[in-house]
Amino acid sequence: MITISLCMIVKNEERVLARCLDSIKELMDEIIIVDTGSTDRTKEIARKYTDKIYDFVWNDDFSEVRNYSFSKANMEYIYVADADEVLDEENRKRFYQLKKVLLPEIDIVQMYYCNQLKYNTTYNFDKEYRPKLYKRIREFRWHDPIHESVRLEPMVFDSDISILHLPEENHGSRDFSVFQKIWKRGEVFNKKMLQMYARELFITGEEKDFVEAKGVFHEIFKEEDRDLEEIKAASLVLARGYHIENQVSEFFKYIMKDMVTEPSSEGCYELGTFYLEQKDYEEACNWFINAIEGSEAYLNILYQKELPLVRLMDCYEILEKNAIKIGNHNLAEQYKTVRENLLEKYSNDLE
């Protein structure tokens, strides 16, 4: 049976830490907790489970803290958990079975990360694989009887273990602050960081967050090596930012960068919202329908589902009332019928 070090980084997790540790403690051979500045009872709770608690001065770099936590591990494998995760009884049994049978050549084990859409996390799938278990010391071996070579790619195993993600709060404001500090230090955003920033903005961002983010995303258009996906993400963020500031020409400049490629649901929704504000309800309806049926979400799956659908229902309700006001009851009935048909067609997306 393999041995496992649990490595966690925490800060002010008194409400959820015990729940997490109670669900996985029996599976771990060592528990390592790195605290980045808790001011609540987090460390007091952690001491009930381990004496391997370390302080780390937070420097806006999650990778550095993760690396520090890994440096304290002593077992064969390292399991990474966040405090808002829970492993239920069925998946504890699966995990225990995995401990018994895991082959030594496996470097990484992926597990299902579940319940994401309910809590506005930065992912567009309710259930998806994430690497969770890592071999602490990787061995390099030669393979092939002739033209032999060293296997450089890690051996990854996709398990059937499902981890419940049950956060008590959203970390968007914390993450936006980190992104801004990285930019102000003059660091270049790689593709992954850029897309995660854009995705998190469209999932949890407030208006001020979009406006503040414009500086970061303007930089993308100054760099020649950025690909279409990065330009698309930057265009959507900038279009939203300029829309918020009511700078119409700049709004259309960037929203059209999305339209001339393969229009996204986010871009169609933004145009629908613009025309709704202009009280051009028919045109708004066209764009909200495009968001649902004629395009795909790029950053937040909800822009292809309930968000444009709710706005679409609002538009048809306004059109119906306007038709009644001018005495055109036949037209009002048509709008009502369209609204009811759409509601029936997409009722599952509103649940």
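Now for a quick tour of the structure. Model, not experiment: these values are computed from the prediction. (Residues numbered from 1 in each chain as written. Predicted model: local features only at pLDDT ≥ 70, side-chain atom pairs only at ≥ 80, totals over all residues. Heavy atoms only, no water.)

As for the nonpolar core
Counting 51 residues, the largest nonpolar core has Tyr197, Leu201, Phe217, Val237 and Leu312 as its most contacted members. Membership of the second largest hydrophobic core comes to 31 residues, among which are Val16, Ile31, Tyr79 and Ile163. (Core = buried A, V, L, I, M, F, W, Y, C linked by side-chain atoms within 4.5 Å. Buried < 20%, exposed > 50% of the residue type's maximum accessible area, 1.4 Å probe, protein only.)

Notes on the pairing of strand β7 (residues 127–135)
The pairing of strand β4 (residues 77–80) with β7 spans three bridges and is classified as antiparallel. In the strand pairing of β7, Ile78 is matched with Tyr134. Relative to β7, strand β6 (residues 108–114) is paired through seven bridges, and the arrangement is antiparallel. By the bridge assignment, Val109 is partnered in β7 with Leu133. (Pairing = 2+ DSSP bridges. Helix = DSSP H or I, 4+ residues; strand = E, 2+ residues; numbered from the N terminus.)

Overview of the packing of helix α9 (residues 248–259) against helix α10 (residues 265–277)
Relative orientation and spacing of two packed helices are given, respectively, by the angle between their axes and the distance between those axes. One way to put it is that α9 packs onto α10 with a least axis distance of 10 Å and a crossing angle of 150 degrees. As α9 packs across α10, the resulting crossing turns out to be left-handed. Every residue of α10 that contacts α9 at Val248, Phe251, Phe252, Ile255, Met256, Asp258 and Met259 is listed here: Gly267, Cys268, Glu270, Leu271, Phe274 and Tyr275. For the contact of α9 with α10, the residue count by class is 10 nonpolar, one polar and two charged. (Axes fitted to C-alpha atoms, helices over the stretch in contact; angles between N-to-C directions. Left-handed = near helix turned anticlockwise from the far one by under 90°. Contact = heavy atoms within 4.5 Å. Nonpolar A, V, L, I, M, F, W, Y, C, P; charged D, E, K, R; others polar.)

Topic: the pattern of salt bridges
If you walk through the whole model with that rule in mind, you get 25 salt bridges. For Glu44, the salt bridge goes to Arg41, with nearest N and O atoms at 3.6 Å. Residue classification places Glu44 among the partly exposed residues on the basis of a relative accessible area of 42%. Owing to a relative accessible area of 37%, Arg41 belongs among the partly exposed residues under this scheme. Several salt bridges share partner residues, and in doing so they unite Glu90, Arg94 and Asp160 into one network. (Salt bridge = Lys/Arg side-chain N within 4 Å of Asp/Glu carboxyl O.)

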